[in-house]
Amino acid sequence: MTTLNSSSMRTVDVARQAGCSVQQVRNLERDGVLPPATRTAAGYRIYGEIHLYSAHAYRALAIGTGPVEAKRIVRAVHQAPTSEVLALLDAAHAGLDRERTDLELAKEAVEAISVEPIEGVRPPDSMSVSDLAAALGVRTSALRHWDAEGLVVPDRIPPRGTRRYTPAQARDARIVHQLRSAGYRIDPLRTLMPELRHGRGSADARAALATRDASIATRSRALLDAAAALSAVLAAATTTRT
C-alpha cells in the first residue's frame, strides 16, 4: 500500500496511487465506498488519506470477496459500527474456509473413485432418491437435476419408474456432490463423469481442482492485504467522527 505524503489529493492522485481509473474513483464515491470528497470553491474534488485507504481496501477486497461484497464491507466502515465490519470480514474468511474444506473433500472423492469396490452388489444395497439425498445432505431436487443432466442416472423400477441408486451410482452422486461443492460446473462434469467411471479423467479433475485451490489462495491473500487498508480506514473514520 502506498505511503501518503499528502492529505490533500486530486481525483487523479487517488486513481494513480490506488491503481484504478479516475472514473472508478468517482464511481466508488458515488456508491458510498469512498466518503464524500471535500469540494473547492470551483467544485473540484479534494480527497484525503481516508479516501485512498478506502480505495486500496476496496480493490483488495474485490479480489477476495467479489466487487459487490467488497463495496458492502467498505461502506460499512463509513456507516456502521466496527463490530458489524468485523462480522462481515469474519464471514468472508469463513466462506473461504468452507471452500477449502469442500475442495479437500472433492480431492478425496476424485482419488477414491478408482478404488471403491462396486462388485458383489445385491439389490438390497440400492437406495431410494430420498435415502441418498439424506445421506449426501442435499435436496432430492438436486439428484433429479443431476439425473436430467446425465451426471448420475439411476435405475428405474416399474411400474412407476421409481428411482433406485446402486452403490456405484451412489458413489457417482457423492463425487458429483463434492465436485459441485468445490465449484465444478455442470457442463465440464458431463464430460468428466463418464471418464471417471472408466478410471480415466482423474488428471483433468485434479488439474481443475488445483486451479480452484490457486484461486482460493489468491483470494485469501487478498483478504490479508485488505486488512491493513481496512484498519487504516477504521482509524481514519474514528478520527473523523470524534
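On a predicted model such as this, the values are computed, not experimentally measured, just so you know.

Draft legend 1. Examining the overall build of the protein chain more closely. When helices and strands are counted, the protein chain shows 10 helices and 5 strands. The 242 residues of the protein chain split such that 41% are buried. Taking as baseline every contact in the protein chain between residues at least 6 positions apart, the subset at least 24 positions apart corresponds to 63%. As displayed, the protein chain offers around 13000 Å² of accessible surface, 52% of which is attributable to carbon and sulfur atoms.

Draft legend 2. Spatial organisation of the side chain of Arg163. Topologically, Arg163 is positioned in strand S5 (residues 162-165). Note on Arg163: relative accessible area 17%, which makes it buried. In terms of polar contacts, Arg163 uses its side chain to reach the side chain of Asp147, at 2.9 Å.

Draft legend 3. Structural view of the sheet that holds strand S4 (residues 155-157). Overall, antiparallel pairing links the 3 strands, which are arranged S3-S5-S4 in an open sheet. At either margin of the open sheet sits one strand with a lone partner, and together these are strand S3 (127-128) and S4. Note: S3 against S5, 2 bridges, orientation antiparallel. Of the residues in S5, the one forming a bridge with Ser128 is Arg164. With respect to the sheet, helix H8 (residues 167-181) is in contact with S3, S4 and S5, its orientation differing from that of S5 by roughly 85°.

Draft legend 4. Structural detail: the pattern of salt bridges. Per the counting criterion, the structure on display carries 14 salt bridges. The partner of Asp31 in a salt bridge is Lys71, with the nearest N and O atoms 2.9 Å apart. Highlighted residues: Asp31 in the loop between helix H2 (22-30) and strand S1 (38-39) and Lys71 in helix H4 (residues 67-79), separated in sequence by 40 residues. A single network of salt bridges, built from pairs that share partners, joins Arg10, Asp13 and Arg16.

Draft legend 5. Inspection of the nonpolar core at higher detail. Leu61, Leu143, Leu179, Leu189, Leu209 and Leu230 are the most contacted members of the largest nonpolar core, which totals 68 residues. With 12 residues, the top contributor of residues to this core is helix H10 (residues 202-241). Once you skip the residues sitting within four places of it in the chain, Leu189 turns out to touch Leu151, Val176, Leu179, Arg180, Tyr184 and Pro194.

Draft legend 6. Just H2, in detail. When H2 is considered as a whole, its buried residues turn out to be Val25, Leu28 and Glu29. Buried residues of H2 fall within an arc of 100° about the axis and therefore sit on the same side. Where H2 ends, the next residue or the one after it, Gly32, has phi of about 85°, a positive value.

Draft legend 7. View of the environment of Leu143. You can see Leu143 is positioned in helix H7 (residues 140-148). Under the relative-accessibility criterion, Leu143 is labelled buried at 1%. It is 7.7 Å that separates the C-alpha atoms of Leu143 and Ala173, two residues lying 30 residues apart in sequence.

Draft legend 8. Spatial organisation of the packing of helix H6 (residues 129-136) against H7. As a packed pair, H6 and H7 sit with axes 8 Å apart at the nearest point and diverge in direction by 110°. With respect to their mutual orientation, H6 and H7 come out roughly perpendicular. Listed contacts from H7 to Val129, Ser130, Leu132, Ala133 and Leu136 of H6 are Thr140, Leu143, Arg144 and Trp146.

Draft legend 9. Structural view of the side chain of Thr11. Within the element layout of this structure, Thr11 appears in helix H1 (residues 11-18). For Thr11, a relative accessible area of 10% puts it in the buried group. Filtering out sequence-adjacent residues up to four positions away, Thr11 remains in contact with Val22, Val25, Arg26, Arg45 and Tyr47.

Draft legend 10. Up close: H7. All of the buried residues in H7 are Leu143, Trp146 and Asp147. In an axial view of H7, the angular spread of the buried residues amounts to 105°, which keeps them on one side of the axis. Tucked inside the fold, the buried residues of H7 contact H6, S4, S5 and H8. Phi turns positive one or two residues past the end of H7, at Gly150, with a value near 80°.

Draft legend 11. Up close: the environment of Ala70. Inspection of the secondary structure puts Ala70 in helix H4. Look at Ala70 and you get buried, because its relative accessible area is 0%. Ala70 has contacts with Tyr58, Leu61, Ala62 and Thr65, leaving out every residue within four places of it along the chain.

What counts, and where the lines are drawn
Residue positions are counted from 1 within each chain, in the order its sequence is given. Local features in this predicted model are restricted to residues whose pLDDT is 70 or higher, and side-chain atom pairs enter the listing and the counts only when it is 80 or higher, whereas totals over whole chains, interfaces and linings include all residues. To get the side-chain values, all heavy atoms of the structure are used, and hydrogens and water are removed first. Secondary structure counts use DSSP, requiring at least four H or I residues in a row for a helix and at least two E residues in a row for a strand, with both numbered from the N terminus. Only protein chains enter the area calculation, which uses a 1.4 Å probe; residues under 20% of their type maximum are buried, those over 50% are exposed, and those in between are partly exposed. Should any heavy atoms of two residues lie within 4.5 Å, those residues are counted as being in contact. Here the accessible surface of atoms and residues is derived via Shrake-Rupley with a 1.4 Å probe, and residues count as covered only by protein chains that are part of the display. For the purposes of these results, a polar contact is taken to be a pair of N or O atoms within 3.5 Å, where, inside protein, one atom must be able to donate a hydrogen and its partner to accept one; residues adjacent in sequence count only when each atom of the pair is a side-chain atom. In this scheme, strands are said to pair when DSSP sees at least two bridges between them. For helices, the fitted line uses only the C-alpha atoms of the stretch in contact; every axis is such a line through C-alpha atoms, and the angle between N-to-C directions lies from 0 to 180 degrees. Every case where a carboxyl oxygen of Asp or Glu lies within 4 Å of a side-chain nitrogen of Lys or Arg is listed as a salt bridge. By convention a nonpolar core is built from buried Ala, Val, Leu, Ile, Met, Phe, Trp, Tyr and Cys residues, the set being connected through side-chain atoms within 4.5 Å. Note that the arc is defined by the directions from the helix axis to the C-beta atoms. Angles are sorted into four bins: roughly parallel if under 35 degrees, roughly antiparallel if over 145, roughly perpendicular if 65 to 115, and oblique for all others.

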